[in-house]
Structures are given as structure tokens and as C-alpha cells.
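# Structure at a glance
Below are the chains, spelled out letter by letter.
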Amino acid sequence: AQKVTQTQTSISVMEKTTVTMDCVYETQDSSYFLFWYKQTASGEIVFLIRQDSYKKENATVGHYSLNFQKPKSSIGLIITATQIEDSAVYFCAMREASSGSWQLIFGSGTQLTVMP
Amino acid sequence: DMKVTQMPRYLIKRMGENVLLECGQDMSHETMYWYRQDPGLGLQLIYISYDVDSNSEGDIPKGYRVSRKKREHFSLILDSAKTNQTSVYFCASSLWTASGNTLYFGEGSRLIVV
């Protein structure tokens, strides 16, 4: 069965620094998709970035990038030059490619606080 | 405009009453989802719908049922609500693609069962 674990409940950083949020996953599938979503204080949930398991290059979108370590089943989210508005809850998620289900499994989330 | 709309946004019900949460999307997405969010548990999948009248249970379907009669509309029904169904419910939709699916979420519906 697939599982996604985020062990960091909360992180606080100073503005303009770099932060890494950890995520480890479990799957029996050789092909899968990994995602990071952000939930703002208003409750809005938005997609940030994704990594396909067959791609060796780490995905990058704006000031978000991923540290994909396939042998460790790890997909860390890196935010560079953090801004106050990056304060939010960040969820890691996974979907197996070969299963008949389109189910997206989420981790429990990491609360990021960016301080001025 | 790409949007997922949930109604109502806030709801208080008495235990044993029926609850209807509605979700609409304007992107013609085949796949739609209902999740619930509880503190410390992240998002848990209740039901997934692959298209009209093609629904499958997620991880926590007990106590819930769904209805999808039109592609753009997906309802979550609680028959005889229980206090442990107090939660925030999120609807989402996504395109059917072989390369993985990005979910678009609604703003959430906060349900309190007293």
C-alpha cells in the first residue's frame, strides 16, 4: 500500500533564507508521480510542483525546487529566498502510475512560518 | 475561468440530520474527488469519481455516499450525520491524463455536527 510521511510538523525560518521540507513515501510501483501542494491561511489549496519518478532531473518552478532521492524514497521541497507569503501548510502527495486508481495520497503536512 | 466551487461553505447540523455538500467545476474534468481534512491527518480521500455514474470508494468511505449525474457536478451526502464527521471537506477535480494528474481544489466546506 502506498504511504506518504511528512515528519516535520512545523518549521520557522527568517525571510529571504532557504528552507527544505522533507517527505518520504512508500510504494511497490516502479512508476509514480510526486506532488507538492500549498494550503494558505484562507484554506485555499494550490498545486506547486511535481516530479515524475522516471525523470532524473529535479523539477524547478520559480523559487520552488525538488530534491528527488529515489533510492531513499524521498522528495524534499526546497524554497529559496523565502517570503512572508510563503507561510502556509505544505502537503506532499503521491499517485502510483500503474494502479487503476487515480487516488492521490497526501502526507499530513508541514506548517511553514516565515518571519520578517 | 478554471474554478471549483463548493456549496455551502459553512454548515452546522444536528446529529442524525442529512447533509448535502455540493461541488461544481467549469473545466470539463472527468475526475472529481471528495477529501476531508482533520488536524494532523492531512487530506483523506472519501470518494473518487472517474466520470458520470462512475464512482469508487477512497480510504474512508464509511458514512458517506456520492452522486455524479453531470460531469461538472459532484455531490457528497451524509445520511444521518455523526459528530465525528465534523471536518472540513474539500472537493477537487483533475484531467484524465496518463502522465499524472494535477488537482484543482475548491475552497472547502466546513461542517460542524452537534
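Let us look at the structure shown here.

Thresholds applied
Residues numbered from 1 in each chain as written. Chains lettered and ligands numbered in written order. Predicted model: local features only at pLDDT ≥ 70, side-chain atom pairs only at ≥ 80, totals over all residues. Heavy atoms only, no water. Helix = DSSP H or I, 4+ residues; strand = E, 2+ residues; numbered from the N terminus. Rg over C-alpha atoms; globule rule 2.2 N^0.38 Å. Buried < 20%, exposed > 50% of the residue type's maximum accessible area, 1.4 Å probe, protein only. Contact = heavy atoms within 4.5 Å. Areas by Shrake-Rupley, 256 points an atom, 1.4 Å probe, with all protein chains shown as cover. Lys, Arg positive; Asp, Glu negative; His and termini not counted. Charge placed at Lys NZ, Arg CZ, Asp CG, Glu CD. Disulfide = S-S within 2.5 Å. Phe/Tyr/Trp six-rings, centres within 6.5 Å; stacked < 30°, edge-to-face > 60°. Core = buried A, V, L, I, M, F, W, Y, C linked by side-chain atoms within 4.5 Å.

A few words now on the overall build of chain A. Looking only at helices and strands, one finds zero helices and 12 strands in chain A. Taking 116 residues into account, the globule formula puts the C-alpha radius of gyration at 13 Å, and chain A, at 14 Å, falls close to it. Reported as C-alpha extents along the three principal axes, the dimensions of chain A are approximately 45 × 30 × 20 Å. Taken across its 116 residues, chain A has 51% of its residues classed as buried. Summarising the internal contacts of chain A: among those between residues at least 6 apart in sequence, 56% fall at separations of at least 24. Element-wise, carbon and sulfur atoms account for 52% of the exposed surface of chain A, whose accessible area totals about 5500 Å². Distance between charge centres in chain A, computed from 9 positive and 10 negative side chains, equals 6 Å.

This brings us to the state of the cysteines. Residue and element names in this part refer to chain A. For the structure on display, the rule yields two disulfides over all chains. One disulfide in the model links Cys23 with Cys92; its S-S distance is 2.0 Å. Judged by the torsion about the S-S bond (-75 degrees), the Cys23/Cys92 disulfide is left-handed. A residue pair is termed long-range when its members are at least 10 positions apart, and Cys23 in the loop between strand E3 (19-21) and strand E4 (24-26) and Cys92 in strand E10 (residues 88-96) qualify at 69 residues. Across the pair, Cys92 and Cys23 agree in class, each one buried.

So, about the packing of aromatic side chains. One pass over the structure, following the stated rule, counts 14 aromatic pairs over all chains. An aromatic cluster is present here, built from Phe35, Tyr37, Phe47, Phe91 and Phe106 of chain A together with Tyr33, Tyr35, Phe90 and Phe105 of chain B joined pairwise through their rings.

In this section: the nonpolar core. In this structure, Trp36, Ile75, Leu77, Tyr90 and Leu112 of chain A are the most contacted members of the largest nonpolar core, which totals 26 residues. Breaking this core down by element, the ones donating at least two residues are strand E2 (10-14), E3, strand E5 (32-39), strand E6 (45-52), strand E8 (64-69), strand E9 (74-79), E10 and strand E12 (110-115) of chain A. At four residues, the largest contribution of residues to this core is made by E10 of chain A. Within the second largest apolar cluster, 21 residues are counted, among which are Phe33 and Phe91 of chain A together with Val88 and Phe90 of chain B.

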